[in-house]
Amino acid sequence: IGTLEDSSLMAKKLASVRHVVCASPDFLLQHGVPKSPEALAGLPALGYGNGSQPGNWRYWDKESKPHNIKVPIRMRATNGDALVEAAIAGLGILCEPSFIVHGAVERGVLKPVLTDYQWYSMNIYAVYPQTRHMPAKVRAFIDFLSRHFGEEPYWERFLADT
């Protein structure tokens, strides 16, 4: 999952993953619903700690121009589920991959905000060694994953409703 670097490995894209900015309903009541990405600079945020700049969130505006917004990180973690739980508890606003937040959004314990903007996205790949003849088991597994994720993975479907 992420950006592929040049390598001698082969890769097949399986799915795209968008990031979603969201917060708990209580957090939004207390701090207000941000009306623009710039408003995030004044809100406590939760950041994924493995990134090189967890307090720097990248987005594209309605004219597809790229921007970055610096957010004050209240809590860093290297576990997306822990960050979701912190957001549900009202500790901050979150920008996480859709496959991590979709369940909490569907349950109504997190609410997406700023959905008119395109936040960072990445892809999921099947990566395998370059070989003249791919083993049938590997080909079958990659084909299964491609069918399972499909054109629009299940974790992305909730975004159409926001």
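Residues numbered from 1 in each chain as written. Predicted model: local features only at pLDDT ≥ 70, side-chain atom pairs only at ≥ 80, totals over all residues. Heavy atoms only, no water.

**Overview of the pattern of salt bridges**
Here the structure, examined in full by the defined rule, presents 1 salt bridge. Where Arg139 meets Asp143, a salt bridge forms, and the shortest distance between an N and an O atom there is 3.4 Å. Of this pair, Arg139 and Asp143 both sit in helix α4 (residues 136–149), 4 residues apart, which is roughly one turn of the helix. Relative accessible area serves as the criterion here: at 30%, Asp143 is assigned to the partly exposed category. (Salt bridge = Lys/Arg side-chain N within 4 Å of Asp/Glu carboxyl O. Helix = DSSP H or I, 4+ residues; strand = E, 2+ residues; numbered from the N terminus. Buried < 20%, exposed > 50% of the residue type's maximum accessible area, 1.4 Å probe, protein only.)

**Some thoughts on the environment of Leu14**
Structurally, the position occupied by Leu14 is in strand β1 (residues 9–23). Spatially, the C-alpha atoms of Leu14 and Gln53 are 26 Å apart, while their sequence positions differ by 39 residues. With sequence-adjacent residues up to four places away left out, Leu14 is seen in contact with Ile124, Tyr125, Ala126, Ile142, Leu145, Ser146, Phe149 and Gly150. (Contact = heavy atoms within 4.5 Å.)

**Some thoughts on the packing of helix α2 (residues 80–88) against helix α3 (residues 98–107)**
One way to put it is that α2 packs onto α3 with a least axis distance of 9 Å and a crossing angle of 25 degrees. As judged from the angle between their axes, α2 and α3 are roughly parallel. When the axes of α2 and α3 are compared, the crossing they make is right-handed. Facing Gly80, Asp81, Val84 and Ile88 of α2, the residues of α3 in contact are Ile100, Val101, Ala104 and Arg107. Grouping the amino acids of the contact of α2 with α3 by side-chain chemistry returns 5 nonpolar, 1 polar and 2 charged. (Axes fitted to C-alpha atoms, helices over the stretch in contact; angles between N-to-C directions. Parallel < 35°, antiparallel > 145°, perpendicular 65-115°, else oblique. Left-handed = near helix turned anticlockwise from the far one by under 90°. Nonpolar A, V, L, I, M, F, W, Y, C, P; charged D, E, K, R; others polar.)

**As for the sheet that holds strand β8 (residues 118–119)**
Across the sheet, 3 strands lie side by side as β4-β3-β8; this open sheet has antiparallel pairing. Two strands lie at the open edges of the sheet, namely β4 (66–70) and β8, each paired on one side alone. Two elements, strand β3 (residues 56–60) and β4, share 5 bridges in a ladder whose sense is antiparallel. Pairing of Tyr59 across the sheet is with His67, part of β4. (Pairing = 2+ DSSP bridges.)

**Regarding the pairing of β1**
Consecutive side chains along a regular strand alternate between the two faces of the sheet. With 9 bridges joining them, β1 and strand β9 (residues 121–129) adopt antiparallel strand pairing. Across the sheet, Ala11 pairs through a bridge with Val127, a residue of β9. Note that β1 and strand β7 (residues 111–112) share 2 bridges and pair antiparallel. If you follow Cys22 over to β7, its bridge partner there is Pro112.

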